[in-house]
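A structural walkthrough
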Amino acid sequence: MKKTYRVKRERDFNDIFTKGDSVANRKFVVYQLETNQKHYRVGLSVSKRLGNAVTRNAIKRKLRHALMELGPSLSAMDFVVIARKGVEELDYQEIKKNLLHVLKLAKLYQEGEPLEKER
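Definitions and cut-offs
Residues numbered from 1 in each chain as written. Predicted model: local features only at pLDDT ≥ 70, side-chain atom pairs only at ≥ 80, totals over all residues. Heavy atoms only, no water. Pairing = 2+ DSSP bridges. Helix = DSSP H or I, 4+ residues; strand = E, 2+ residues; numbered from the N terminus. Axes fitted to C-alpha atoms, helices over the stretch in contact; angles between N-to-C directions. Contact = heavy atoms within 4.5 Å.

Another aspect to go through is the sheet that holds strand E1 (residues 21-24). Pairing in this open sheet of four strands is mixed, and the strands run E1-E2-E4-E3 from one edge to the other. In this open sheet, the two strands that pair with only one neighbour each are E1 and strand E3 (41-46). Each strand axis lies, on average, 20° off the axis of its neighbour in the sheet, ignoring direction. Bridge analysis of E3 against strand E4 (residues 77-83) gives six bridges, and the strand direction is parallel. Looking across to E4, one finds that serine 45 is bridged to isoleucine 82. Most of the contacts of helix H3 (residues 92-105) go to strand E2 (residues 28-34), to which it runs at about 40°, and overall it touches E1, E2 and E4.

Listed below in structure tokens is the structure:
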């Protein structure tokens, strides 16, 4: 995933958490904030409670891969995906299914045409 598609700065994370809205399902929480960008930006958060560094990095790799596949249909907003307990036991297809569900609840994903803003 390219750097322009990532939320990296602490200030950006804090803005999303304080000013944004949240939606959750059993496996993920998504905080979202409207921006003026032409594409989405995503931050990932996987707690130490989910496992050691190897486990957490494997979860983040699966999340990034799923987001790259879903990317063309994601709306141009900043959002943070937080993994909940139980994600470490899921395989890639189950992670993608649960992620897609929570993104639809948050109205970040629309099937069909890409939602990226035109400039």
